[in-house]
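Spelled out, the chains give:
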Amino acid sequence: EPEVTQTPSHQVTQMGQEVILRCVPISNHLYFYWYRQILGQKVEFLVSFYNNEISEKSEIFDDQFSVERPDGSNFTLKIRSTKLEDSAMYFCASSDDPNPNQPQHFGDGTRLSIL
Amino acid sequence: GQNIDQPTEMTATEGAIVQINCTYQTSGFNGLFWYQQHAGEAPTFLSYNVLDGLEEKGRFSSFLSRSKGYSYLLLKELQMKDSASYLCAVRAPGSNYQLIWGAGTKLIIKP
């Protein structure tokens with residue numbers, strides 16, 4: 001069964017540095033999402049992306065964050081000038097339709113640790 | 001504002017039935033989801049309800065009452081592998097994509 005893949009599985013970065021989290025969505029999917037989950041806390045929506053542009057974003061997704069689909073397969077989340085509170089698990093998800101009957105498929109996540 | 005409440009933790013016995021409740025308060029309603037999340041892993045879609053009533057999928061069923069702002073996930077014939085967190089999420093009002101998540105219910109299955 002096709003799946004969403006994320007790399008790396010664990011990223012350790014010094015505070016203030018930039019980090020890029022990578023995702024390869026399921027190949028025929030058109031809608032892409034990033035979520036984060038701070039350890040022991042709720043999953044939080046960050047952003048959705050369709051047709052090469054952001055369709056929705058949450059309050060968390062401020063100027064520190066950006067997303068890009070640099071080619072036909074990758075979907076990246078860039079975090080500039082990382083802060084300690086950015087430490088979390090970041091999940092990428094994709095769907096072939098925003099219709100809720102078509103569920104979002106999640107990758108296994110990237111654990112980001114900011115030192 | 002939006003709020004989703006679930007019990008923090010539940011314990012059940014292998015082979016038994018368990019019901020996990022979720023109540024929500026949102027300024028509108030646009031669908032409710034249940035996801036399963038094993039520790040350290042990604043959430044996995046279980047069910048979606050937008051109309052009142054029961055949706056059954058094998059051992060798992062989900063129920064919705066929009067007038068009461070209430071849903072439950074029913075798990076039958078529990079197996080040890082069902083030990084996981086179960087996340088209730090609602091589609092944000094006016095949104096096509098954004099999900100608002102509950103904190104999850106950690107389900108512990110005992111032999």
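Residues numbered from 1 in each chain as written. Chains lettered and ligands numbered in written order. Predicted model: local features only at pLDDT ≥ 70, side-chain atom pairs only at ≥ 80, totals over all residues. Heavy atoms only, no water.

Caption draft 1: Quick peek at the interface of chain A and chain B. Listed by partner, the interface residues are 21 residues for chain A and 20 residues for chain B. Interface area for chain A against chain B, summed over the two sides, is near 1,800 Å², with a carbon-plus-sulfur share of 58%. Linking chain A with chain B are zero salt bridges. Here chain A is connected to chain B by one residue pair in polar contact (both at pLDDT 80 or more). Of all the secondary structure elements, the ones that give two or more residues to the side of chain A that touches chain B are strand S4 (31-37), strand S5 (43-50), strand S6 (53-57) and strand S9 (88-95) of chain A. Looking at the side of chain A that touches chain B element by element, the count peaks at four residues for S4 of chain A. (Contact = heavy atoms within 4.5 Å. Buried area = accessible area lost by both parts, 1.4 Å probe. Salt bridge = Lys/Arg side-chain N within 4 Å of Asp/Glu carboxyl O. Polar contact = N/O pair within 3.5 Å; in protein donor to acceptor, adjacent residues only side chain to side chain. Helix = DSSP H or I, 4+ residues; strand = E, 2+ residues; numbered from the N terminus.)

Caption draft 2: Representation of the layout of surface pockets within the structure. Considering only enclosed or pocket space, the largest pocket measures out at about 480 Å³ in volume. Around the largest pocket, the lining is made up of 26 residues, and of these Gln37 and Gly40 of chain A together with Gln37, Ala39 and Ser85 of chain B lie nearest the centre. Elements that contribute at least two residues to the lining of the largest pocket include exactly S9 of chain A together with strand S9 (84-91) and strand S11 (105-110) of chain B. For the lining of the largest pocket, the class distribution of residues is ten nonpolar, twelve polar and four charged. (1 Å grid on protein atoms, 1.4 Å probe; cavity = no way out; pocket = protein on both sides within 12 Å on 5 of 7 lines; lining within 4 Å. Points joined across faces, edges and corners; volume = space filled by probe spheres on them. Nonpolar A, V, L, I, M, F, W, Y, C, P; charged D, E, K, R; others polar.)

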